[in-house]
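A closer look at the structure
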Amino acid sequence: LNVAAWPIDCLKSSTGHVIGFIMPRILDARPLYELYSPRSRVQHFPSADFRFLVHTATNVARLFAAVHKAGFIAGDVNHSNILVRHNGTVAAVDC
């Protein structure tokens, strides 16, 4: 899915044990909570208006619809692991 940073490979120790995952990096995006308060919104999303907020919220709903449609259940979801780009598209990380 292009709406989430899913693991694309395993990182293994010299003995072959899985010790981590390799995931794509989401660039040029800010945590969703930075849209909450007017102060951080002005700082990180200076052109965000009500339409942008609705557009972003709709994209968050679409993100979870796409994840569920693919047969996954997202856990540990919070406002820090939904990232928002300046065009209002979103991605999930660390879920």
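Summary of the structure given here. Predicted, not measured: the structure shown is a model, and the values here were computed from it.

For the protein chain, the helix and strand inventory stands at two helices and five strands. Taking the principal axes of its C-alpha atoms as reference, the protein chain extends roughly 50 × 30 × 20 Å. Of the contacts formed within the protein chain by residues at least 6 apart in sequence, a portion of 48% connects residues at least 24 apart. When the accessible surface of the protein chain is totalled, it reaches about 6,500 Å², and 59% of it is carbon and sulfur.

With that settled, the discussion passes to the pairing of strand β2 (residues 18–22). When strand β1 (residues 9–12) meets β2, the two strands line up antiparallel, connected through four bridges. Residue L11 lies in a different strand from β2, and its bridge partner there is G20. Two successive antiparallel strands, β1 and β2, enclose a turn made up of five residues, where G16 displays a positive phi of approximately 95 degrees.

This next bit is on the packing of aromatic side chains. Aromatic ring pairs are defined here through the distance separating the ring centres and the angle between the ring planes. Under the definition given, this model contains one aromatic pair. Seen in terms of ring centroids, F45 and F52 are 5.8 Å apart; in terms of plane orientation they differ by 40 degrees. Their pairing is tilted. Under the relative-accessibility criterion, F45 is labelled buried at 2%.

Let us now look at a nonpolar patch on the surface. Taken together, the side chains of I8, L11, I19 and I22 present a nonpolar region at the surface, about 400 Å² in accessible area. Within the secondary structure, L11 sits in strand β1. Classification of L11 by relative accessible area gives partly exposed; the value is 43%.

Procedures and definitions
Residues numbered from 1 in each chain as written. Predicted model: local features only at pLDDT ≥ 70, side-chain atom pairs only at ≥ 80, totals over all residues. Heavy atoms only, no water. Helix = DSSP H or I, 4+ residues; strand = E, 2+ residues; numbered from the N terminus. Contact = heavy atoms within 4.5 Å. Areas by Shrake-Rupley, 256 points an atom, 1.4 Å probe, with all protein chains shown as cover. Pairing = 2+ DSSP bridges. Phe/Tyr/Trp six-rings, centres within 6.5 Å; stacked < 30°, edge-to-face > 60°. Buried < 20%, exposed > 50% of the residue type's maximum accessible area, 1.4 Å probe, protein only. Patch = residues over 30% accessible without salt bridge, like charges linked within 9 Å, V, L, I, M, F, W, Y side chains within 5 Å. Salt bridge = Lys/Arg side-chain N within 4 Å of Asp/Glu carboxyl O.

Geometry only, nothing functional implied.
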